[in-house]
Each structure stands twice: as structure tokens, then as C-alpha cells.
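So you can see what is in the structure, the chains are spelled out below.
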Amino acid sequence: MRRLFLILTLLSGLMLAASFLGPLHPAGDTLAVFRPFWAGAMVVGALAAGLAGARRIGALALILALGASAPMILGAMRGAEVPARVDLTLYSKNLLASLADPAPLAADILDSGADVVLLQEVSDTNVGILDLLREVYPHQHLCRFSSWSGIAVLSRWPGDAVQCSPMRGMAAMQVAAPFGPVWAASIHLSWPWPYAQGATVRAIAPQLAPMQGRVVIGGDFNMVPWGYAVRALGAAAGARRIGPMRPTIRVWGLGWPIDHVLTSGQGSTEIRPGLGSDHAGVVARIGF
């Protein structure tokens, strides 16, 4: 039994260590999605190994597991960081390509008082939401990648410049806000490796890099907050993720935080209901 617990501790420790290798290979981010499970298995193995007599190894493994888990634990415990003033309210949402009636969602967006709206999975089925929002958000930029995977930026303020990524991943618009220009980017990454998330990040990052100054980035990253993909895009734009870690989608019966808002300013976030989508919406109130 002692040997079995040591093997469990070693294997889970290797998976936990490999989950930090996203900068070297996108497979590291795939493992990062399951980092809480690797850390949990390592804690169980460490405690069991200690009880079986391997106290030094168990104590060392326990310290390593808890140390690796600290950012996740602190992120989950983090409360709202309310800015001193709110310059911009943002609503980000993966619509769900098959959403047949976007009217309830459009009503929630209007009710939020958002200045900028970031949408993903704008499809042939739900594209009518753009018309429902056009009166309040007349400045609209849609990047159409396929019949189901459009990405859009909507604003109540004029848009000065627009961009689309070369592959599905980003729509961006520079918004002429009353307090100055703001780059707003709507993100929809592919699933992690072996899918094309790594390639998408490499394609988008160079486009984000010139967007200096005030920046807001939001969307469906298909990656947990501690994954390299989220950090890489934030670093490229000089932005950081805001708000506590909260589940925005349920897969396999578990909640996963994969929809994020990043900004060069400060802000707080709140989770909005699904309203027909499999993703929750995220509303951010940001001050620059």
C-alpha cells in the first residue's frame, strides 16, 4: 500500500508539473484544465503516503501540491474589485449558435446598461440579435468566420477602427468613448490541444500587441483562468483578468470558469444567466 500511494503521488505530481508547461507546448494547457484534480490526487496520495510511513515524502508532496494550488484557491476566494469610478460597462456572451430566440438575452443586455457588448457564436440562427440591439448599439462590427462562428463587437459609441483575426478567434473595434479611445476585443478560442487553441493564440497575440492604452478583452476563452492561453493574450495587450473565478459553463456536470474579461484598467465582474445559451454572460464595470 505504501508503494501504491507513492506511485499515486508521483504520477499526479508529474501531471501537476506538466500542467505548467503551456508556454512550451499547448498540451500543457490541456493538463492545466484539470489542475485541481491533479492537485487533489497529489494531496490524497501525500496524506496516505505519510500515514503509511513515508512522512518526509508525503510532507514534501503536500507542500508542493498546496503551493501549486494557491493561485486557484486565492482566485476563487477573491472578491469584487470595485473601481473608484466606472468609465465603461461591458457585457460579454457566447450566444450559442443554435439559440433560436435571442430576445430575452437582448433584453438582459439592454437592462445591464452596457456601453460595449462582446458576442461569440453569432450564427445564421441568432444573428437577429444584432438588429434587436441596433438602436442602442448602432456601431457594430461582425467578423464572420463560418455560418455558426461569427464574433462581434457592439458599441453605443462610434468605432474608429476594426480588425478580424485571420482564423476564428477575435473581432476588435477601437471605440471612441467620451473619456478617450478604447480597444474592445471579443475572443472565442478553440478548444485546448489537440485542437487549435495554441495556434489561435499565436495568431491573435500579434494583433493585440499594438492595442496599447485603454483595452478591454472578453469572451469565451475555452480555458481556465490559470491557463497559459489566458495569460498570454493578456500579456500581449497589457491587460489582466478581473473578477473572481466563477463557473460560466457546465460540462460533465461540473462548473468551469472559461469566460473571462481582461482589461488594462480596474474593474469588477458579475455573472448573468444563460438565457438559452450554455454559457453564462459576464458583465464588467471598468474604470481607467
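Residues numbered from 1 in each chain as written. Predicted model: local features only at pLDDT ≥ 70, side-chain atom pairs only at ≥ 80, totals over all residues. Heavy atoms only, no water.

Student: Talk me through the overall build of the protein; I want residue IDs and the actual numbers.
Tutor: Broken down by element type, the protein carries eight helices and 14 strands. In summary, the protein has a C-alpha radius of gyration of 20 Å against a globular reference of 19 Å for 288 residues, a match within 12%. Within the protein, buried positions represent 52% of all 288 residues. Considering only residue pairs separated by 6 or more positions, the protein has 62% of its internal contacts joining residues 24 or more positions apart. Put simply, the protein shows about 12,500 Å² of open surface, and 65% of that area lies on carbon and sulfur atoms. Looking at charge distribution, the protein has the averaged site of its 21 positive side-chain charges lying 17 Å from that of its 16 negative ones. (Helix = DSSP H or I, 4+ residues; strand = E, 2+ residues; numbered from the N terminus. Rg over C-alpha atoms; globule rule 2.2 N^0.38 Å. Buried < 20%, exposed > 50% of the residue type's maximum accessible area, 1.4 Å probe, protein only. Contact = heavy atoms within 4.5 Å. Areas by Shrake-Rupley, 256 points an atom, 1.4 Å probe, with all protein chains shown as cover. Lys, Arg positive; Asp, Glu negative; His and termini not counted. Charge placed at Lys NZ, Arg CZ, Asp CG, Glu CD.)

Student: Hey, could you go over the sheet that holds strand β1 (residues 88-94) for me, with residue numbers and the actual values?
Tutor: A sheet is described by the order of its strands in space; here six strands give the open sequence β3-β4-β2-β1-β14-β13, paired in mixed fashion. Bordering the open sheet on either side are β3 (139-143) and β13 (266-272), each of which pairs with just one other strand. Put simply, the sheet's adjacent strands are angled 15° from each other on average, direction ignored. Sheet topology note: the β1/strand β2 (residues 116-122) ladder contains five bridges and is parallel. Pairing of serine 92 across the sheet is with leucine 118, part of β2. Across the sheet, helix α5 (residues 103-112) is in contact with β1, β2, β13 and β14 (281-287); its angle to β1 comes to roughly 165°. (Pairing = 2+ DSSP bridges. Axes fitted to C-alpha atoms, helices over the stretch in contact; angles between N-to-C directions.)

Student: Tell me what's going on with the side chain of histidine 279, and back it up with residues and numbers.
Tutor: Mapping histidine 279 onto the fold places it in the loop between β13 and β14. One polar contact links histidine 279 to aspartate 220, side chain to side chain, over a distance of 3.5 Å. A polar atom in the side chain of histidine 279 sits 2.9 Å from the side chain of aspartate 259. In contact with histidine 279, other than residues within four places in its own chain, are Lys93, Asn94, Asp220, Thr248, Ile249, Ile258, Asp259 and Gly274. (Polar contact = N/O pair within 3.5 Å; in protein donor to acceptor, adjacent residues only side chain to side chain.)

Student: I'd like a rundown of the state of the cysteines, residues and numbers included.
Tutor: This structure, assessed with the given rule, holds one disulfide. The partner cysteine of cysteine 143 in its disulfide is cysteine 164, sulfur to sulfur 2.0 Å. Torsion about the S-S bond of the cysteine 143 and cysteine 164 cystine: about -90°, corresponding to left-handed handedness. Of the two residues, cysteine 143 is situated in strand β3 and cysteine 164 in strand β5 (residues 159-164); the sequence distance between them amounts to 21 residues. (Disulfide = S-S within 2.5 Å.)

Student: Can you explain a nonpolar patch on the surface? Please cite residues and give values.
Tutor: Judged by side-chain polarity, Ile7, Leu10, Leu11, Leu14 and Met15 come together as a nonpolar surface patch covering roughly 450 Å² of accessible area. Following the sequence through the fold, methionine 15 ends up in helix α1 (residues 2-18). Since its relative accessible area comes to 31%, methionine 15 is described here as partly exposed. (Patch = residues over 30% accessible without salt bridge, like charges linked within 9 Å, V, L, I, M, F, W, Y side chains within 5 Å. Salt bridge = Lys/Arg side-chain N within 4 Å of Asp/Glu carboxyl O.)

Function cannot be inferred from these measures alone, as they are strictly geometric.
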